[in-house]
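As a plain string of letters, each chain reads:
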Amino acid sequence: MKKIFHLALVAMTMLAMTACTSKNETNNDVNNFKIQHGTNVSHWLSQSEERGEARRLHIQEDDFARLDSLGFDFVRLPIDEVQFWDEDGNKLPEAWELMTNAINWAEKHHLRTIVDLHIIRSHYFNAVNEGGSDANTLFTSEKAQQDLINMWYQLSDALKGYSCDSVAYEFMNEPVADDHEQWNALIAKVHKALREREPQRTLVIGSNMWQSYGTIKYLKVPENDKNIILSFHYYNPMILTHYGAWWTPIGKYTGKVNYPGVLVSQEDYETANDTVKKVIDENKFTTEEWNIDRIRADFADAIAAAKKYGLQLFCGEWGVYEPVDRELAYKWTKDMLTVFKENNIAWTTWCYDADFGFWDQQKHAFKDKGLVDLLMGNDDI
C-alpha cells in the first residue's frame, strides 16, 4: 500500500512539474519554449471543409514522426472557431480530440506546438479580398472581443495541463484593424485575461495588418513579460510567392517573373491587364530590384522590435505557392533562410501538405523534396 501511495505521489509531483498552471509562477519566470525550424500543419483544423473520417485520417501520428525525422523542432497548428464551436458557442468534440491528439503526437516526437487561433467568426484576415470585410466586427464590438477571450478560456482549460516548455498560444492570426491602437488595446485585454489563468505560458503576438513586417514598429508589447514571442509573416514579393494564386489580384499575372533583380520586364508588363498593371505599379515591380538585401531591409523593423523588448522573433508564415517555378522558389527560399539565420529568427513554413507545402498526403510521398533539403540543410548556407 505504501508503494502504491509513493508511486501516486511521484506521478502527482511530475504532473505539477510539467503543467503550466501554478499561481506561484509569474511571467518573469522564463520558460523553455525554444523554437527554430518548423512548419504549419494547416488546412486541417483550419480552412478546411473536411469533417468526420476524412478529417480524422488527414493528419496522423506518422506526420509528426516524419517532421521530427526531417529535423523540424516545432509546428504551428492553425485552428478555426467554426471547427471547434457551433454558432451557439457549443463545443464540437471531435475537433478538440484531434487537437489534443496532435499535441500529444508532437510531444511524443520531440516537437513543440504553437496553437494558433487562425479564423474566428468576427474576424477573417482575407475578408477584404473576398468581399466580406463588413463581417469583421472584432475591433468594434465589445461582445466579439469577449467572445474571443471566452474561446481562449476554454482552450486554456483544455491545454493548461501541457508543459509551458511544450505548448504556446497564438491568440490571434493576422489581425486587420483599421487603427493600430485597436489591435494594441485588444492585445492588452487578451493578454491580461490569459495571464490571470496562465502566468507563464508563452504567448505569440503578431503585428497589425496581416502580421506585416511593416507595422511591427507600431506594436505595443505588454511590459515585463519575457514569455512572449514576436511574430510577423512574409511573402514578399507576392508576384513571385503567389504566382497563379487565384485568391489575390497579383495571382492573375501570367508573364515571366525574375529573381533576383527587377521582377517584371517592361515587355511582360505590357501584356498584363489593367488590374494587374495597377498592382505591379503600386509595388514597383518593374523598377525596383528584389534580392537578399531587400529582404534584410524589410526585416529591419521586426529585428529592432525584438531587440527592444528582448524577445524571440518568429516568422510564422512564409513560403511559395506550388505552381511557382522551382528555380525561382529555391533562390528566394535560400535568401530567406540566410536572413533568418543571420538574425536568429525562428520560422514555420506555410505549409506542410497543402498548396504551399512539400508533402503529398494523397500519394504519401514528398511532392517537393528539393524544398525540404534546402530547408533542413540551411546550416550550410
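Scroll up a little and you will see the structure.
Along every chain, residues carry numbers that run from 1 in the direction the sequence is written. With pLDDT at 70 or above as the cut-off, local features in this predicted model cover only qualifying residues; side-chain atom pairs require 80 or more to be listed or tallied, and sums for whole chains, interfaces and linings still use all residues. Working from all heavy atoms in the structure, the side-chain values ignore hydrogens and water.

### Considerations on the environment of Thr-287
Alright, step 1. Helix numbering and strand numbering both begin at the N terminus, where a helix is a DSSP run of H or I of at least 4 residues and a strand a DSSP run of E of at least 2. Tracing the backbone through its elements, the reader meets Thr-287 in the loop between helix 11 (274-283) and strand 8 (289-290).
Alright, step 2. In this structure Thr-287 comes out as exposed when scored by relative accessible area, which is 57%.
Alright, step 3. Note: C-alpha distance between Thr-287 and His-364 (77 residues apart in sequence) is 43 Å. Working definition: with a 1.4 Å probe on protein chains only, accessible area under 20% of the residue-type maximum means buried, over 50% means exposed, and in between means partly exposed.

### Quick look at the packing of aromatic side chains
Alright, step 1. Pairing of aromatic rings covers Phe, Tyr and Trp, the last through its six-membered ring, and needs centres within 6.5 Å; plane angles under 30 degrees mean stacked, over 60 mean edge-to-face, and all others mean tilted. The tally for this structure, following the rule as stated, stands at 26 aromatic pairs.
Alright, step 2. The interplanar angle of 85° and the centroid separation of 6.3 Å between the aromatic rings of Phe-139 and Trp-183 together place this pair among those described as edge-to-face. Remark: Trp-183 occurs in helix 7 (residues 180-197) and Phe-139 occurs in the loop between strand 3 (112-119) and helix 6 (142-159); sequence separation between them is 44 residues.
Alright, step 3. Residue Trp-183 is classed as buried on the basis of its relative accessible area of 1%.
Alright, step 4. Here Phe-299 and Phe-340 contribute two aromatic rings whose centre-to-centre distance is 5.8 Å and whose plane-to-plane angle is 20°, an arrangement assigned as stacked. You can see Phe-299 sitting in helix 12 (residues 292-309) and its partner Phe-340 sitting in helix 13 (residues 326-342), a full 41 residues away along the chain. This pair shows no difference in class: Phe-299 is buried, exactly as Phe-340 is.
Alright, step 5. An aromatic cluster is present here, built from Tyr-213, Phe-232, Tyr-234, Phe-299, Trp-318, Trp-332, Phe-340 and Trp-347 joined pairwise through their rings.

### Overview of the packing of helix 12 against helix 13
Alright, step 1. For the pair helix 12 and helix 13, interaxial distance at closest approach is 9 Å and the crossing angle is 45°. Regarding the angle of helix 12 to helix 13, the classification is oblique. Along this stretch, helix 12 crosses helix 13, giving a crossing that reads as right-handed. Contacts from Ile-292, Ile-295, Arg-296 and Phe-299 in helix 12 reach Trp-332, Asp-335, Met-336, Thr-338, Val-339, Phe-340 and Glu-342 in helix 13.
Alright, step 2. As a working rule, the residues Ala, Val, Leu, Ile, Met, Phe, Trp, Tyr, Cys and Pro are called nonpolar, Asp, Glu, Lys and Arg charged, and the rest polar, with Gly in that last group. Split by residue class, the contact of helix 12 with helix 13 holds seven nonpolar, one polar and three charged. What counts as an axis is a line fitted to C-alpha atoms, over the stretch in contact for a helix, and the angles between N-to-C directions run from 0 to 180 degrees. Angle categories: roughly parallel below 35 degrees, roughly antiparallel above 145, roughly perpendicular from 65 to 115, and oblique for all the rest. In this scheme the handedness of a crossing depends on how the near helix is turned from the far one: anticlockwise by less than a right angle means left-handed, clockwise means right-handed. Two residues qualify as a contact provided that any one of their heavy atoms is within 4.5 Å of a heavy atom in the partner residue.

### Topic: the state of the cysteines
Alright, step 1. The definition used for a disulfide is geometric: two cysteine sulfur atoms within 2.5 Å. Scanning the entire structure with this criterion turns up zero disulfides.
Alright, step 2. For Cys-315, which is in no disulfide, the shortest distance to another cysteine sulfur is to Cys-351 and amounts to 14 Å.

### Brief notes about the pairing of strand 6 (residues 228-233)
Alright, step 1. Counting buried residues along strand 6, six of its six residues qualify, which places the element largely inside the surrounding structure.
Alright, step 2. Across the two faces of strand 6 the burial is the same, with Ile-228, Leu-230 and Phe-232 and Ile-229, Ser-231 and His-233 all buried.
Alright, step 3. With four bridges joining them, strand 5 (residues 203-206) and strand 6 adopt parallel strand pairing. By the bridge assignment for strand 6, Ile-205 is matched with Leu-230.
Alright, step 4. Any two strands between which DSSP finds at least two bridges are classified as paired. One ladder, built from five bridges, connects strand 6 with strand 9 (residues 312-317); its direction is parallel. Bridge pairing in strand 9 places Leu-230 opposite Leu-313.

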